[in-house]
Structures are given as structure tokens and as C-alpha cells.
Amino acid sequence: MSTVADAMRVGRVRAHAYEIPTADDEESDGTLVWRATSVLVVEVEAGGATGLGYGYCDAAAARIVERTLAGVVEGADALAPGEAWSKMQVAIRQLGQEGLAAMAASVLDIALWDLKARLLGVALCDLLPRFRDAVPAYGSGGFTSYSERELREQLGGWAADGFRSVKMKVGREPARDPARAAAARAAIGDEVELMVDANGAYRDVPQALAWAERFAGEHGVVWLEEPLSSRAVRGLRQVRERAPAGLAIAAGEYAWTLADCARLLDAAAVDVLQADVSRCGGITNLPRIDGLCRARELPFSAHCVPAVMAHAGCALESLIHTEFFFDHARAERLLFDGVVDPVDGLLRPDRSRPGLGIELKRADAERWAA
Ligand SMILES: [Mg+2]
């Protein structure tokens, strides 16, 4: 006779990789050009339920899920995602616990939390320590590949939709940025916060500081993200220490571990810490990162994966906002049913649906199989 405990063992783990061409021929930021959005989707089964996790990473991560992690997670207690998380960290030790391996483990962790919530019949946000029932989001895009007209339409559209903050990319051709920022400001008005992201494009601290002064002084910019690479911890601290009042320095989207987050915080390298749930250790690690921020009285802002952060963001006391990234919002609507639309700049998870409340549109997704 089967027992409840048997039914709560994780069954099959499946990984799917998708490549969705960008809306335009190509898109770019300060340092990268891309033509597609890569999505890893992981499904896990237990007790007749299927948990779903996803993140934005290369198809190679699907191989790590199948070869290295599935065997560790299959048979694990479906009600103990933390236990599976610890085993996954050991399993990826020889691969390096960063990069692709961290993404594979993070996405599988998201699937396991979705599975647990479905087994218990609650929304994921209600399974986690919930501090709020909606998450402030900011519109994010403003690619350096856009014309000024496209930039105005996208950022102005988000402002008209009720977003309180919007973010654009800078730093590819810095000489163009004052006109681009002026166009963005004109489109969003004076009340909406303008944020900029250089994706590590500036060559050194003096150049980063010069642009910090201009963005804040001439365009009222309140946020400068990755003026230098996230690895340049000392340089980020120097920029943060000398940046104009009212301009927050943010970084952390390439934090793979709790230690990476602690390093940025302890070096006083950021005013706001960022992290990406599909890179930094999944749902299991987010509340711990929140704890690092709370202990230092510093705010947290989540990077990308909006349909996951609509739930997980409710569990983070230090969260000030989450990123509603254009490519990811688009991909989520193409791949999943049940994705919630932002209303007045808020992502409010649907608490009447179990787990993340989203379902893979299997037949539609096949055309993007990688
Ligand atoms: Mg960024």
C-alpha cells in the first residue's frame, strides 16, 4: 500500500530549452548584442502534480539538469526543497558552483517550490513568508539598439501604463546617451523615476563618475546599474562613495551564491543589492539574501524573471522593486498561460491558483525548442 510519504517523493525531472527570437532583428545593451532569448524550463512530478520552474539561460544548462541534477532530486522528499537544494550544491561541486551549474540548480529549485505549493494547494507566495500581496515592478528595456523614437514609445508607454520607474540601457556609444536620456525623460515626464543600466560598459572609475554626474545632474536619473562589471567590487565602491546624492549604485545580477551577495554588501559597493532568482540559488536562497540586506538595512531589487518574482518578491521584506524586463515579459506570455499583467506598476500574484499559477503552453513552445 502506498503511503502519503511515497506520494510526496519527487518523480521524473524533465528539462526543456527554448530559443525565442527577439522582437527586433537584434537588441543590445552597453556590452552585449543578442538575437534571441534563451529559456530553460524544468518540470518535476510528485503525487500527481507537476511543478514548473524556468529561467533565462543557455540550453547547455538543460544538459546539467538531466545529467547531473535529475538523479539527485528524483526520489527526494517533495515537501523539503531545501534538502534537495543542499544535495544539488554538492552534485555541482565538480562543475563549479557558478554560471551554468548555478542556473540549472536555481531553475530546478524554482520547480521544486512550485511543486510543493501545488501539492499543498496554495499559491507560492502564500507558502513563503509573505510581507505583501503585490510587488512593485519597473519597466526595463530601452535598448541601445533602439532609435530615439522607439525609446520614447517604450518608456513613455510604461509610464502611461502606471509604472513609477523605468530603466534604459546606456554606455554602448556614450556620446549618444545625453540625447537618449533627454528623449526618455521627455517621454515619461518629471514624476516617473528614470534608471540607467551600463552593463559594465565604462572603462574605469573616472569615466563612470563623469557619467554618474551627468545622468543625475542633467536628467534626474536616480539609479546607475553596473557602471563597472559586477566583479569590480573595489571600483563599484569608489563610484558609490563619490556618486552624486540621490543616485543609487546597483549591482548583483551575476551573484551566484550568498557569498557573492555578502561580498558586494560588505565592500559597501552598492546602495541597492540586486540578484536573479534563476542564478542566485533559486527560491531557497532569496529569503537568505533578504536577510543579508535586512541585517545591513539596505534595499534589495530583483533582476528579471517577472512571473516568478510576482510571487517570490512578496516574501522579501527588503525588496523595493522587481524588474519587468521587456524580453522576459514577452517570452513568458509566449510560453506560459496564467502570467499576470502589471497593473499600475504592481505585479499582483493570482492567489487563487496553486504554485506560480502558470502552465507551459507545450504545443506552442515546440516551435522554439533548442
Ligand atoms: Mg542589468
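Details of the structure are given in the entry above.
Note that the coordinates shown come from a computational prediction; the quantities given were computed from them, not determined experimentally.

Novice: In this structure, what is going on with unusual backbone geometry? I would like to understand it.
Specialist: Phi is mostly negative for residues that are not glycine, and the peptide bonds are mostly trans. Even without glycine at this site, alanine 268 takes up a positive phi of about 55°. We note that cysteine 304 has phi near 60°; this positive angle belongs to a residue other than glycine. Relative to the helices and strands, cysteine 304 is located in the loop between strand E12 (300-302) and helix H12 (306-312). A residue is classified by how many C-beta atoms lie within 10 Å of it, and cysteine 304, with 22 of them, is buried.

Novice: In this structure, what is going on with the packing of helix H10 (residues 258-266) against helix H11 (residues 282-296)? I would like to understand it.
Specialist: Axes are the key here: two packed helices are described by the angle between their axes and the distance separating the axes. Axis separation between H10 and H11 bottoms out at 10 Å; the angle between their running directions is 20°. The angle between H10 and H11 places the two elements in the roughly parallel class. Crossing of H10 over H11 shows right-handed handedness. Facing Leu258, Cys261, Ala262 and Leu265 of H10, the residues of H11 in contact are Asn285, Arg288, Ile289, Leu292 and Arg296. Tallied by class, the residues present in the contact of H10 with H11 amount to six nonpolar, one polar and two charged.

Novice: I would appreciate a short explanation of the environment of proline 354 in the present structure.
Specialist: Looking at the element boundaries, proline 354 is found in the loop between strand E15 (346-347) and strand E16 (359-360). Using a count of 21 C-beta atoms within 10 Å as the deciding quantity, one classes proline 354 as buried. Placed 236 residues apart in sequence, proline 354 and arginine 118 show a C-alpha to C-alpha distance of 5.0 Å. Ignoring anything within four residues of it in the chain, the contact list for proline 354 reads Ala117, Arg118, Gly121, Val122 and Ala123.

The rules behind the values
- Residues numbered from 1 in each chain as written.
- Predicted model: local features only at pLDDT ≥ 70, side-chain atom pairs only at ≥ 80, totals over all residues.
- Helix = DSSP H or I, 4+ residues; strand = E, 2+ residues; numbered from the N terminus.
- Buried ≥ 20, exposed ≤ 12 C-beta atoms within 10 Å, placed from the backbone.
- Axes fitted to C-alpha atoms, helices over the stretch in contact; angles between N-to-C directions.
- Parallel < 35°, antiparallel > 145°, perpendicular 65-115°, else oblique.
- Left-handed = near helix turned anticlockwise from the far one by under 90°.
- Contact = placed C-beta atoms within 7 Å.
- Nonpolar A, V, L, I, M, F, W, Y, C, P; charged D, E, K, R; others polar.

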